[in-house]
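Coordinate analysis (summary)
Letter by letter, the chains look like this.
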Amino acid sequence: MEAAVLVRKIKNLEIQGAKAVALAGLDALNLCASEIKSNGRNGFLRTLESKSKLIKEARPTEPALKNALSFVMGRLPKAGTIEDAQKAVALEVRNFSKNIESSIKKIGEIGARRIPNKAVVFTHCHSNTVMEIFRCAKKDGKKFEVICTETRPMNQGLLTAKQVAGMQIPVTLIVDSAARTFVKKCDLVIIGADAITSTGDVVNKVGSSTIALIAEEQKKPLYVAAGTHKIDPETAKGFLEPIEERPAKEITAKKLKGVKIRNPAFDVVAANRISGIITELGMVAPQSVSRWAKN
Ligand code: RUB
């Protein structure tokens, strides 16, 4: 596959979820490195840097993607041939990808311990990390059920429901607007994340902040499952996490005269509404992000 095709798939959500986006972005960078035609090493590196920037821009609210690509670009050898640089890209892409996979495995084990036997777990959108928690809890012999939202406008919740059912876990799919009715009936909420800010706020699929408010109102714990590669270092410098605004056609294909359509893909769950962030380093308080991020 060509790098440009992969980037298109990331942009149009054929590849979705922060983990899958980061892994696909790494693959795209590796493909770019093998596609670049350049005589000199410096030209190669300049072109690769601009390709890396384009890949990062495919999904603006994805620090895991940005961190992964910056990590690889920052570890390329300072001297040597183009082939040396290409080999280094391939090696670092492999290393970072393995890192993401092992982080999710660890989060799965830690998160599964928070699911009590016979629990009803509420989730939103589709998170590969939350899926791993469900997989581990099932493997541990826990009996539990899942309620998930359909997640308008792109219906990622249908994938969640399908995968959960595939694990032989009872699952109920609801419309997003029924969230309050069903959070009342659940024992805990577990959602994924696209970004973690330096103050411990979490950015996830639009609707997450409403679910967090309901969870607070109903006194239900809300956990966020997310690896530390999702921390956005830019937020520590004072920048706000950018919220991706997606095309109006995702909401309706109809032309509605005089109607403005807004389609933000994400919203922000305040740190004080999060009972814990489940990371590969352990269950941590969102308020302690800046401390554990350095370790
Ligand atoms: C997906 C979304 C998910 C996180 C989970 O949004 O908000 O909750 O990405 O990440 P989109 P992970 O469908 O717009 O990509 O899969 O790494 O747990």
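Every chain's residues receive numbers from 1 upward, in the order its sequence appears when written. In keeping with the model being predicted, local features are shown solely for residues with a pLDDT of at least 70 and side-chain atom pairs are shown and tallied solely at 80 or more, while totals for entire chains, interfaces and linings include all residues. Derived side-chain values reflect all non-hydrogen atoms in the structure, with water molecules and hydrogen atoms excluded from consideration.

Structural notes on the domain arrangement of the chain
Start and end positions for the domains come from either an automated domain assignment or a database one. The domain boundaries assigned to the chain delineate domain 1 (3-105) and domain 2 (109-293). Relative placement of domain 1 and domain 2: their C-alpha centres are 26 Å apart. Pairs of residues are marked as contacts when any of their non-hydrogen atoms sit within 4.5 Å. Counting from both sides, the interface comprises 21 residues of domain 1 and, opposite them, 26 residues of domain 2. Carbon and sulfur atoms make up 53% of the surface buried where domain 1 meets domain 2, a total of about 1,900 Å² over both sides. Salt bridge criterion: a side-chain nitrogen from Lys or Arg within 4 Å of a carboxyl oxygen from Asp or Glu. The interface formed by domain 1 and domain 2 holds 2 salt bridges in total. Taking the shortest distance from any N to any O, the salt bridge between Arg59 and Glu244 comes out at 2.8 Å. Any pair of nitrogen or oxygen atoms within 3.5 Å is treated as a polar contact; in protein, a donor-acceptor pairing is required on top of that, and neighbouring residues in sequence qualify only through side-chain atoms on both sides. The tally of links between domain 1 and domain 2 comes to 8 residue pairs in polar contact (both at pLDDT 80 or more). Secondary structure elements are defined from DSSP: runs of H or I of at least 4 residues count as helices, runs of E of at least 2 residues count as strands, and each element is numbered from the N terminus. Taken together, the elements giving at least two residues each to the side of domain 1 that touches domain 2 come down to α2 (18-35), α4 (63-74) and α5 (82-112). The element that contributes the greatest number of residues to the side of domain 1 that touches domain 2 is α5, accounting for 5 residues. Accessible surface is computed with a 1.4 Å probe, and the buried area is the amount of it that two parts give up when combined, taken over both parts together.

Focus: the site of the ligand
The rule for a residue being near a molecule or strand is that one of its heavy atoms must lie within 4 Å of it. If you check the shell around the ligand, you find 18 residues, and the closest are Gln16, Ser127, Asn128, Thr129 and Asn204. Contact distances for the ligand include 2.8 Å between an oxygen atom and a backbone N or O atom of Lys19. Here an oxygen atom of the ligand sits 2.6 Å away from a polar atom, N or O, in the side chain of Ser127. The fraction of the free accessible surface of the ligand (460 Å²) that becomes covered by protein chains is 100%. Every element with two or more residues in the shell around the ligand is listed here: α2, α6 (128-139) and β6 (202-205). In this count, Pro and Cys sit with the nonpolar residues alongside Ala, Val, Leu, Ile, Met, Phe, Trp and Tyr, while Asp, Glu, Lys and Arg are called charged and the others, Gly among them, polar. Residues that form the shell around the ligand fall into these classes: 5 nonpolar, 8 polar and 5 charged. A domain split of the shell around the ligand shows at least three residues from each of domain 1 (3-105) and domain 2 (109-293). We get accessible surface area from the Shrake-Rupley algorithm with a probe of 1.4 Å; when it comes to residues, only the shown protein chains can shield them.

Comments concerning the sheet that holds β6
One requirement defines pairing of two strands: DSSP has to find at least two bridges between them. Pairing is antiparallel across the open sheet formed by 3 strands, whose spatial order is β5-β6-β8. Across the chains shown, the open sheet's two edge strands, defined by having one partner strand only, are β5 (195-196) and β8 (266-269).

Topic: the sheet that holds strand β9 (residues 276-279)
In space, the 7 strands of this open sheet follow the order β3-β2-β1-β4-β7-β9-β10, with mixed pairing throughout. Since the sheet does not close on itself, it has two edges, and those belong to β3 (171-174) and β10 (282-284), each with one partner. With direction set aside, neighbouring strand axes in the sheet form an average angle of 25°. Where strand β1 (residues 119-123) lies against strand β4 (residues 188-191), 2 bridges are found, and the strand directions are parallel. The residue of β4 that forms the bridge with Val121 is Leu188. Contacts from α6 reach β1, β2 (144-149), β4, β7 (222-225) and β9 within the one sheet, and its direction differs from that of β2 by about 165°. Orientation is described by lines fitted to C-alpha atoms, with helices fitted over the stretch in contact, and by angles between N-to-C directions that extend from 0 to 180 degrees.

Considering the side chain of Thr129
Here Thr129 lies in helix α6. Judged by relative accessible area, Thr129 falls into the buried class, the value being 2%. Sequence-distant contacts of Thr129, that is, excluding residues within four places in its chain, are made with Ile104, Ile107, Ala225, Ala226 and Lys230. Burial status follows relative accessibility: with a 1.4 Å probe on protein chains alone, a residue under 20% of its type maximum counts as buried, one over 50% as exposed, and anything between as partly exposed.

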